[in-house]
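# What the coordinates show
Single-letter residue listing:
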Amino acid sequence: PTKPIGTGPYKLVEWVKGQYIKMTANDTYWGGAPKIKDVVFNFRKESAVRVAMIQTGEAELARLVNPEDCKKAPACISAPSAETLFLRIDTPHAALKDLRVRKAMAAAIDTPSILSQILAGEGILAAQLVNPIVNGHNPALKPYAFNPDEAKKLLDEAKAAGVPTNSPLEVILRAGRFARAEEATEALSNMINKVGFNSKVKIMDVAQERAYGQVRPAPPERGGLLFRYHGNEIGDSSASISSYYRCDGTLSTYCNPKVDEMDNKARVLTGPERTKAYQEIWKVVYDDVAVIPMVHVGISYAFSKKLTWNPRIDGFILVKDVTLAK
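Residues numbered from 1 in each chain as written. Predicted model: local features only at pLDDT ≥ 70, side-chain atom pairs only at ≥ 80, totals over all residues. Heavy atoms only, no water.

The helix and strand tally for the protein chain stands at 10 helices and 12 strands. Radius of gyration (C-alpha) of the protein chain: 21 Å, near the 20 Å computed for a compact globule of 326 residues. The C-alpha extent of the protein chain, read off along each of the three principal axes, is 70 × 45 × 35 Å. In the protein chain, which comprises 326 residues, the proportion classed as buried is 49%. Once local pairs closer than 6 in sequence are excluded, the contacts in the protein chain between residues at least 24 apart make up 68%. Once the 43 positive and 36 negative side-chain charges of the protein chain are each reduced to a mean point, those two points are 3 Å apart. (Helix = DSSP H or I, 4+ residues; strand = E, 2+ residues; numbered from the N terminus. Rg over C-alpha atoms; globule rule 2.2 N^0.38 Å. Buried < 20%, exposed > 50% of the residue type's maximum accessible area, 1.4 Å probe, protein only. Contact = heavy atoms within 4.5 Å. Lys, Arg positive; Asp, Glu negative; His and termini not counted. Charge placed at Lys NZ, Arg CZ, Asp CG, Glu CD.)

So, in structure tokens, the structure goes:
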């Protein structure tokens, strides 16, 4: 929609795609007119540029900035989020449908190094697509261990059984998706290639990556590894399972009738029974390496000292909750 109407705290003034969005306060907002009258969201791909705008007073708040850049800002905060960084696997592919191959890929990725050296330690290692605040999270699961020797062994076993383990694969990334995204993607591709995979990185714009992610079922000839975030703001495992693990999931490249059956039963339960049912589903997809969860990420925000604001777990920035000193 380019001319939205509604009852929110702000009204759209102007939108220039890829450059900025201008808004103005809705004086008739049912929750009371916002304290900040006019707001501009500027779009700048580079973290350093976003922080420089804070330093020069061109902007008051910047999100998804590199921790190193954030330290240069007048004020900086790193906060936990509902987002999980993971690798979605095209499981219909001739090689990737083999469990040994998927286990090998999980074992080949040195996620602790990616987290500490590239993501500056922002986040915690993940064993599932939802973080601990989400109902159904299974605390018994542990992140896949980095073990390149085991990865090579599993690939050799699969290759001896006739699996085309050297098939070309692509690690797909949306440009600028998160801080140091390109560096993390290159590192991941190099790690899996060291144990015998044959991957290359492909950077896409937003529209391309979205279209790529929504093609289902995944073409069996496509060896795609989609490197992206998943956010579960609703706080219940059902949303994540239905999107990425059901045969009919809107973003799923994985199909296991057992998971669909378990989810059908779990989604009508409540209370402790629901929690337990989804914990059991997470164990099934974990053992099957349906996707490779990596990090429950944190987000760095740079802002001016004139601004008073507390980050939300969902990463949303609601300007009506922001106070700006004159």
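Pairs of aromatic rings are described using the distance from one ring centre to the other and the angle between the two planes. Taken as a whole and judged by the stated rule, the model has seven aromatic pairs. A centroid spacing of 4.8 Å and a plane angle of 70 degrees characterise the contact between Tyr301 and Trp309, whose relative ring orientation is edge-to-face. Sitting over the ring of Tyr212, Arg222 keeps its end group 3.8 Å from the ring centre. (Phe/Tyr/Trp six-rings, centres within 6.5 Å; stacked < 30°, edge-to-face > 60°. Lys NZ or Arg CZ within 6 Å of the ring centre and 35° of its normal.)

On the surface, a cluster of negative charge is contributed by Asp149, Glu150, Asp156 and Glu157. Along the polypeptide, Asp149 turns up in helix α5 (residues 148–160). (Patch = residues over 30% accessible without salt bridge, like charges linked within 9 Å, V, L, I, M, F, W, Y side chains within 5 Å. Areas by Shrake-Rupley, 256 points an atom, 1.4 Å probe, with all protein chains shown as cover. Salt bridge = Lys/Arg side-chain N within 4 Å of Asp/Glu carboxyl O.)

This brings us to the environment of Met191. As for its placement among the helices and strands, Met191 is situated in helix α6 (residues 181–194). Judged by its relative accessible area of 17%, Met191 is buried. The spacing of Met191 and Leu119 is 72 residues in sequence and 16 Å in space, taken between C-alpha atoms. Apart from the residues within four sequence positions on either side, Met191 is in contact with Ala108, Ile109, Asp110 and Ile114.

The next point concerns the packing of helix α8 (residues 237–244) against helix α10 (residues 271–287). At a minimum axis separation of 10 Å, α8 and α10 run at an interaxial angle of 35 degrees. Handedness of the α8/α10 crossing: left-handed. Between α8 and α10, the residues in contact are Ser237, Ser238, Ser240 and Ile241 and Arg274, Tyr278, Ile281 and Trp282, respectively. Residue classes in the contact of α8 with α10 are distributed as four nonpolar, three polar and one charged. (Axes fitted to C-alpha atoms, helices over the stretch in contact; angles between N-to-C directions. Left-handed = near helix turned anticlockwise from the far one by under 90°. Nonpolar A, V, L, I, M, F, W, Y, C, P; charged D, E, K, R; others polar.)

The subject of this paragraph is helix α4 (residues 111–118). Along α4, the residues that are buried comprise Thr111, Ser113, Ile114, Leu115 and Ile118. Where α4 is buried, its residues touch β6 (123–125), α6 and β10 (291–303). Two residues or fewer past α4, Ala120 is found with a positive phi of approximately 55 degrees.

The next thing to look at is the sheet that holds strand β2 (residues 20–25). On the basis of which strands lie adjacent, the open sheet formed by three strands has the order β1-β2-β3 and antiparallel pairing. Strands at the two margins of the open sheet, each flanked by one partner only, are β1 (10–16) and β3 (38–42). Across the sheet, the axes of successive neighbouring strands diverge by a mean angle of 20 degrees, strand direction being ignored. One ladder, built from six bridges, connects β1 with β2; its direction is antiparallel. Counterpart to Val16 in the pairing with β2 is Tyr20. (Pairing = 2+ DSSP bridges.)

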